[in-house]
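Residues per chain, in single letters:
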Amino acid sequence: QVQLVESGGGLVQAGGSLRLSCAASGRAFSSTAMGWFRQAPGKERELVAAISGSGSSTRYTASMKGRLTISRDNAKNTVYLQMNSLKPEDTAAYYCAAARGPYISSISSEYKYWGQGTQVTVSS
């Protein structure tokens, strides 16, 4: 069983930055790809960024590419999401998720464990 605990969400003005963190319990963290998803009211959950177990591969959603950096510290069992130049349309609940294996996937069903979510609100 893996538990994921997100932190770092909050209210920020447009153009501002936030850094989300996700602390994972359990073993084999370095063998597990991690993803950040978001879901806005009335919209489907979508992958924002993902990173492979080793950290050597990353993937970003096109709508936020250039404004995001996903990283991980396997020694601390933690994955991070740095978000810059935030826009009001980035407002959503952001979820950390652990994949079923070491490779990146954009499909939410490929992620086995989920955090409780952290709210990001960007004001105009």
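Everything that follows concerns the structure shown earlier in this document.
All values reported here derive from a predicted model rather than from experimental measurement.

Here is what the cut-offs are and how they apply
Residues numbered from 1 in each chain as written. Predicted model: local features only at pLDDT ≥ 70, side-chain atom pairs only at ≥ 80, totals over all residues. Heavy atoms only, no water. 1 Å grid on protein atoms, 1.4 Å probe; cavity = no way out; pocket = protein on both sides within 12 Å on 5 of 7 lines; lining within 4 Å. Points joined across faces, edges and corners; volume = space filled by probe spheres on them. Helix = DSSP H or I, 4+ residues; strand = E, 2+ residues; numbered from the N terminus. Nonpolar A, V, L, I, M, F, W, Y, C, P; charged D, E, K, R; others polar. Disulfide = S-S within 2.5 Å. Buried < 20%, exposed > 50% of the residue type's maximum accessible area, 1.4 Å probe, protein only. Pairing = 2+ DSSP bridges. Axes fitted to C-alpha atoms, helices over the stretch in contact; angles between N-to-C directions. Polar contact = N/O pair within 3.5 Å; in protein donor to acceptor, adjacent residues only side chain to side chain. Contact = heavy atoms within 4.5 Å.

Draft legend 1. Quick peek at the layout of surface pockets. Considering only enclosed or pocket space, the largest pocket measures out at about 190 Å³ in volume. As for the largest pocket, its lining consists of 16 residues, of which Val2, Arg27, Ala28, Thr32 and Tyr113 are closest to the centre. Contributing elements (two or more residues each) for the lining of the largest pocket: strand S9 (92–99) and strand S10 (111–114). The residue makeup of the lining of the largest pocket, split by class, is nine nonpolar, four polar and three charged.

Draft legend 2. Structural context of the state of the cysteines. A full pass over the atoms with the stated rule returns one disulfide. Between the sulfur atoms of cysteine 22 and its disulfide partner cysteine 96 the distance amounts to 2.1 Å. Judged by the sign of its S-S torsion, about -75 degrees, the cystine formed by cysteine 22 and cysteine 96 is left-handed. Of this pair, cysteine 22 sits in strand S3 (residues 18–24) while cysteine 96 sits in strand S9, placing them 74 residues apart in sequence. The buried category is assigned to cysteine 96, whose relative accessible area is 0%.

Draft legend 3. How the structure looks around the sheet that holds strand S7 (residues 68–73). The four strands are arranged S1-S3-S8-S7 in an open sheet whose pairing can be described as antiparallel. Strands at the two margins of the open sheet, each flanked by one partner only, are strand S1 (4–7) and S7. The sheet shows a mean angle of 15 degrees between the axes of neighbouring strands, direction not considered. Pairing between S1 and S3: four bridges, direction antiparallel. Paired with serine 7 across the two strands is serine 21, which belongs to S3.

Draft legend 4. How the structure looks around the side chain of threonine 118. Here threonine 118 is to be found in strand S11 (residues 118–123). One polar contact links the side chain of threonine 118 to the main-chain amide nitrogen of glycine 9, over a distance of 3.3 Å. Once residues within four sequence positions are removed from consideration, threonine 118 is found in contact with Glu6, Gly8, Gly9, Leu20, Ala92, Ala93 and Tyr94.

Draft legend 5. Representation of the environment of lysine 65 within the structure. Examined against the element boundaries, lysine 65 turns out to sit in the loop between strand S6 (58–60) and S7. Taking the relative accessible area as the measure of exposure, lysine 65 reaches 61% and is therefore exposed. The sequence separation of lysine 65 and leucine 4 amounts to 61 residues, and the corresponding C-alpha distance is 24 Å.

Draft legend 6. Up close: unusual backbone geometry. Non-glycine residue asparagine 77 carries a positive phi angle of around 55 degrees. With respect to the secondary-structure elements, asparagine 77 resides in the loop between S7 and strand S8 (78–83). With relative accessibility at 18%, the residue asparagine 77 sits in the buried group.

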